Amino acid sequence: QVQLVESGGGLVQPGGSLRLSCAASGFTFSSYTMKWYRQAPGKERAFVALISNTGGITMYSDSVKGRFTISRDNAKNTVTLQMNSLKPEDSAVYYCNVITTYTYWGQGTQVTVSS
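Residues numbered from 1 in each chain as written. Predicted model: local features only at pLDDT ≥ 70, side-chain atom pairs only at ≥ 80, totals over all residues. Heavy atoms only, no water.

### Some details on the packing of aromatic side chains
Describing an aromatic ring pair means giving the distance of the ring centres and the angle of the ring planes.
Move 1: On inspection of all chains with the given rule, the structure shows 6 aromatic pairs.
Move 2: On the numbers, 6.2 Å between centres and 55 degrees between planes, the contact of F27 with F29 is tilted.
Move 3: Of the residues examined, F29 reaches a relative accessible area of 2% and is grouped as buried.
Move 4: With 5.9 Å between their ring centres and 70 degrees between their planes, F27 and Y32 make a pair best called edge-to-face. (Phe/Tyr/Trp six-rings, centres within 6.5 Å; stacked < 30°, edge-to-face > 60°. Buried < 20%, exposed > 50% of the residue type's maximum accessible area, 1.4 Å probe, protein only.)

Rendered as structure tokens:
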């Protein structure tokens, strides 16, 4: 069965950095686009970034463009979100996502940006 397991969240000060990882299993990882979403309290889940199956195409929401970088390692079945210059408004639960026959989500990892 498909599993997505996020890690790397935590508490960081404004301007700091965090690196999130998503370990994937149960599907042919190298065949699918992977995405990161986030959900802040009281808000809808929102797109953050995506990376194509080969890594050749990346896209970002306007709110994170220039600060976040998505990457993947198809040999290790992992997708990573490097987050720099973090702001309090980046605080949210971050989710890994893949759409194969169905849509799958990880359990999420909490990111809190606060002084």
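There is more to say, and it comes next.
### Quick look at the pairing of strand β1 (residues 3-7)
Move 1: Burial along β1 is one-sided: L4 and E6 are buried, and none of Q3, V5 and S7, which face the opposite way, are.
Move 2: Across 5 bridges, β1 lies against strand β3 (residues 18-25) in antiparallel orientation. Paired with L4 across the strands is A24, a residue of β3. (Helix = DSSP H or I, 4+ residues; strand = E, 2+ residues; numbered from the N terminus. Pairing = 2+ DSSP bridges.)

### A short note on the sheet that holds β3
Move 1: One open sheet accounts for 4 strands, arranged β1-β3-β8-β7; its pairing is antiparallel. For this open sheet the edge positions go to β1 and β7 (68-73), each flanked by a neighbour on one side alone. On average, each strand axis in the sheet is inclined to that of its neighbour by 15 degrees, with strand direction left out of account.
Move 2: Relative to strand β8 (residues 78-83), β7 runs antiparallel, the two sharing 6 bridges. Across the sheet, the residue bridging to D73 is T78, located in β8. (Axes fitted to C-alpha atoms, helices over the stretch in contact; angles between N-to-C directions.)

### Focus: the state of the cysteines
Should the sulfur atoms of two cysteines be covalently bonded, the bond is a disulfide.
Move 1: In the structure shown here, the tally under the stated rule is 1 disulfide.
Move 2: There is a disulfide in this structure between C22 and C96, and the S-S distance comes to 2.2 Å. Here C22 and C96 share a disulfide; its torsion about the S-S bond, -85 degrees, makes the bridge left-handed. With C22 in strand β3 and C96 in strand β9 (residues 92-99), the pair connects residues that are 74 residues apart, well separated along the chain.
Move 3: For C22, a relative accessible area of 0% translates into the label buried. (Disulfide = S-S within 2.5 Å.)

Keep in mind that these numbers describe shape and distance, not what the molecule does.
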